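Reading the structure
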Amino acid sequence: MIETLLKELSLAVIDGKQNESISLTNKLFEAGLPAKDILDKGLLPGMEVVGVRFRDNIIFVPQVLISARAMKTSLAILEPLLSKSDAKGVGTIVIGTVKGDVHDIGKNIVAMMLRSSGFTVIDLGIDTKVEKFMETVKKENADIVGMSALLTTTMGYMKVVIDKLKDEGFDVKTMVGGAPISKSFADQIGADGYAKNASDAVKLAKDLISIKA
Amino acid sequence: MKPMLEELKTGKILLSDGAMGTELQRRGLPSGACPEEFNVSHSEIVAEIHQSYIDAGSDIIQSNTFGANRARLKLHGFENRVEEFCTAAVNNIKRCGSSRIYIAGSIGPIGEILEPLGELKLTDAYDIFSEQAKALAAAGADVLFIETMMAAEEIEIAIKASKENTNLPVSASMTFELGKAGLRTMWGVDVPQAVQKITEAGADIIGSNCGKGFDEMIQIIAEMRLLTNKPILAQSNAGIPEWVHGISVYHETPEMIGEKVVKLLELGANIIGGCCGTGPEHIRMMREIINNR
Ligand SMILES: [Zn+2]
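In this report, we go over the structure that sits alongside the text. Being a predicted model, the structure only gives us computed values, none of them experimental. (Residues numbered from 1 in each chain as written. Chains lettered and ligands numbered in written order. Predicted model: local features only at pLDDT ≥ 70, side-chain atom pairs only at ≥ 80, totals over all residues. Heavy atoms only, no water.)

Now for the overall build of chain B. What chain B contains, in helices and strands, is 12 helices and 12 strands. Relative to the globule expectation of 19 Å for 293 residues, the C-alpha radius of gyration of chain B, 17 Å, shows essentially globular dimensions. Dimensions along the principal axes, computed over C-alpha positions, put chain B at roughly 45 × 45 × 40 Å. Per-residue burial for chain B yields a buried fraction of 60% across its 293 residues. Across chain B, contacts joining residues at least 24 apart in sequence account for 76% of those joining residues at least 6 apart. When the accessible surface of chain B is totalled, it reaches about 11400 Å², and 50% of it is carbon and sulfur. Charged side chains of chain B number 27 positive and 39 negative; the gap between the two group centres comes to 3 Å. (Helix = DSSP H or I, 4+ residues; strand = E, 2+ residues; numbered from the N terminus. Rg over C-alpha atoms; globule rule 2.2 N^0.38 Å. Buried < 20%, exposed > 50% of the residue type's maximum accessible area, 1.4 Å probe, protein only. Contact = heavy atoms within 4.5 Å. Areas by Shrake-Rupley, 256 points an atom, 1.4 Å probe, with all protein chains shown as cover. Lys, Arg positive; Asp, Glu negative; His and termini not counted. Charge placed at Lys NZ, Arg CZ, Asp CG, Glu CD.)

Here's what the structure looks like:
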């Protein structure tokens, strides 16, 4: 019974069925399943499939946004029920699209996948300046800074941020991604990691946390 | 000079220009700066780039207004300077003094997600595009180039706003990527859907720009030509950028793309040119190919 409901919840997230996702979350909770299990065994596996399908060009931005919305509303029900230690998650990431860049679709999807995977994500939005990254890292005691760029005219700003973080002695890992970004670019600007897509970004963030720990 | 659509009807191939963004960068546009503001603060640099394309043989010069819409300019605090930037941008082409070129007003995506998935209201999107289209038309553009679009709803609104608020011909192009599901935009729009949407919305020219390079562009245009009798525009990137010594470098050189340009013309492209990473040398090479046909 619980197993079936969890599977149905994953499917509801995959298909982006918000109402179904809400009612299944409530049902599972009423059946006595801890919030953490509903998250880990129902919602997260669903979002993982969404990430893989997006990576493989089986689904596109609109479908991801619809799934994300279903996930988000269910998560909102669970959040007050998750214990503090569960809610704290695996690590804290400050994420933003660099200064001058306006596309943030890719970054939003990465932020959402990270959040779905248990990270605390502080999304600085678009057009993020280096000062804003530093200020937030300090305030949130973040583990990772994630940067996205979609324009060739703005990707250079990633180096500005990374250099500044290093100069100022921040104990934080950096990861970059976006359409014009490559592994070799990431290496050249001294980033700690490069993610080709949102699925990779989650894996990379986990790796960086384990190195840092 | 005949109106552009009449010229295209005679079967003439028109040559557009190459990149603006990457050329501005080569001339010192700082990472993160607002390229449209350069129309006012560094008009001589913008005009110099236009001139380099005119010298290379372009028939069409695109204004430096890709992001000159209220929503994008707001990120730099310039939301009230749409008209000023659009006017300056068109004037930067005019001051080159060429009487044999068409001035194309470039219109790029708003950069926000439309409702119901996002926050941007359809009516606001329409107003944003209308403001830019009107400003470009008033400044003296001969045609509007709506480009690099990925969402069907957004390109539809951009075309309608342009057609309903100006008397200019409109070209509308989307950016595709080849993946497991074939050629699609990031929003999942395939070539047949794009052609249908763009045609229904009333654009005069249908096209594709940006993307991963000329090989993919050939596939896109081949598919497009089967679906429409309208003039087709093809403006590819010069491949995927790599970062070398602090600047982004594109690897499809003019020599490498020669045969691919011939192929694009054989397939029935009516307007060719370049997007990110292409420069005057790419355009010069295209001019030679067109002249030798
Ligand atoms: Zn481009």
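Here the narrative resumes.
Here the focus is the coordination of the zinc ion. Residue and element names in this part refer to chain B. Protein-derived ligands of the zinc ion are Cys210 (SG), Asn237 (OD1), Cys275 (SG) and Cys276 (SG), with the metal-ligand distances lying across 2.1 to 2.5 Å. Bound by 4 donor atoms, the zinc ion shows angles of 90 to 122° at the metal and therefore tetrahedral coordination geometry. Ordering the donors of the zinc ion by residue number gives the pattern C-x26-N-x37-C-C. One end of the pair, Asn237, is in the loop between β9 (232–236) and β10 (241–244); the other, Cys276, is in the loop between β12 (271–274) and α12 (280–291), and 39 residues separate them in sequence. Residue classification places Asn237 among the buried residues on the basis of a relative accessible area of 5%. (Donors = N, O, S within 2.8 Å, 3.2 Å for Na, K, Ca; no water. Tetrahedral: all angles 85-135°; square planar, octahedral: opposite > 155°, others 65-115°.)

We now examine a negative patch on the surface. A cluster of acidic side chains, namely Glu112, Glu115, Glu119, Asp124 and Asp127 of chain B, defines a negative patch on the protein surface. Its location among the elements puts Glu112 of chain B in the loop between β3 (102–107) and α7 (122–139). (Patch = residues over 30% accessible without salt bridge, like charges linked within 9 Å, V, L, I, M, F, W, Y side chains within 5 Å. Salt bridge = Lys/Arg side-chain N within 4 Å of Asp/Glu carboxyl O.)

This next bit is on the interface of chain A and chain B. Across the contact, 27 residues belong to chain A and 28 residues belong to chain B. Counting each side, the surface lost to burial between chain A and chain B is near 2500 Å², with a carbon and sulfur contribution of 65%. For the pair chain A and chain B, the number of links is 1 salt bridge. Lys180 of chain B is paired through a salt bridge with Asp56 of chain A; the nearest N and O atoms lie 3.5 Å apart. Sorting the residues of the side of chain A that touches chain B by element identifies α4 (61–78) and α9 (183–188) of chain A as the ones contributing at least two each. (Buried area = accessible area lost by both parts, 1.4 Å probe.)

Another point: the packing of helix α10 (residues 214–227) of chain B against helix α11 (residues 254–267) of chain B. All names here are of chain B. Running from amino to carboxyl end, α10 crosses α11 at an angle of 5°, the nearest separation of the two axes being 9 Å. Taken together, α10 and α11 sit at an angle that is classed as roughly parallel. Listed contacts from α11 to Phe214, Asp215, Met217, Ile218, Ile221, Ala222 and Arg225 of α10 are Ile257, Lys260, Val261, Lys263, Leu264 and Leu267. Considered class by class, the residues forming the contact of α10 with α11 number 9 nonpolar, no polar and 4 charged. (Axes fitted to C-alpha atoms, helices over the stretch in contact; angles between N-to-C directions. Parallel < 35°, antiparallel > 145°, perpendicular 65-115°, else oblique. Nonpolar A, V, L, I, M, F, W, Y, C, P; charged D, E, K, R; others polar.)

What follows covers the sheet that holds strand β4 (residues 173–177) of chain A. Pairing between the strands of a sheet is mediated by backbone hydrogen bonds and can be parallel or antiparallel. Residue and element names in this part refer to chain A. If you trace the 5 strands from one edge of the open sheet to the other, you get β2-β1-β3-β4-β5, paired in parallel fashion. Taken across any chain shown, the strands that pair with only one partner, and hence form the sheet edges, are β2 (120–123) and β5 (193–194). As judged from the 2 bridges shared by β4 and β5, these two strands associate in the parallel manner. Bridge assignment links Val176 to a residue of β5, and that residue is Tyr194. On top of the sheet, helix α10 (residues 198–212) reaches β1 (92–97), β3 (144–148), β4 and β5; it is set at about 165° to β4, its chief contact. (Pairing = 2+ DSSP bridges.)

All names here are of chain B. Tallied over the entire structure, the rule returns 1 aromatic pair over all chains. Geometrically, the ring pair formed by Phe78 and Phe85 is edge-to-face, given 5.7 Å between the ring centres and 80° between the ring planes. Its relative accessible area of 18% is what places Phe78 among the buried residues. By relative accessible area, which is 0% here, Phe85 ends up buried. The aromatic ring of Phe78 is capped on one face by Arg81, whose charged end is 5.2 Å from the ring centroid. (Phe/Tyr/Trp six-rings, centres within 6.5 Å; stacked < 30°, edge-to-face > 60°. Lys NZ or Arg CZ within 6 Å of the ring centre and 35° of its normal.)

This next bit is on the environment of Ile289 of chain B. Residues and elements named next belong to chain B. Relative to the assigned elements, Ile289 resides in helix α12. A relative accessible area of 16% means that Ile289 is categorised as buried. Sequence separation between Ile289 and Gln132 is 157 residues, and the spatial gap between their C-alpha atoms is 34 Å. For Ile289, the contacting residues outside a window of four places in its chain are Gly258, Val261, Val262 and Leu265.

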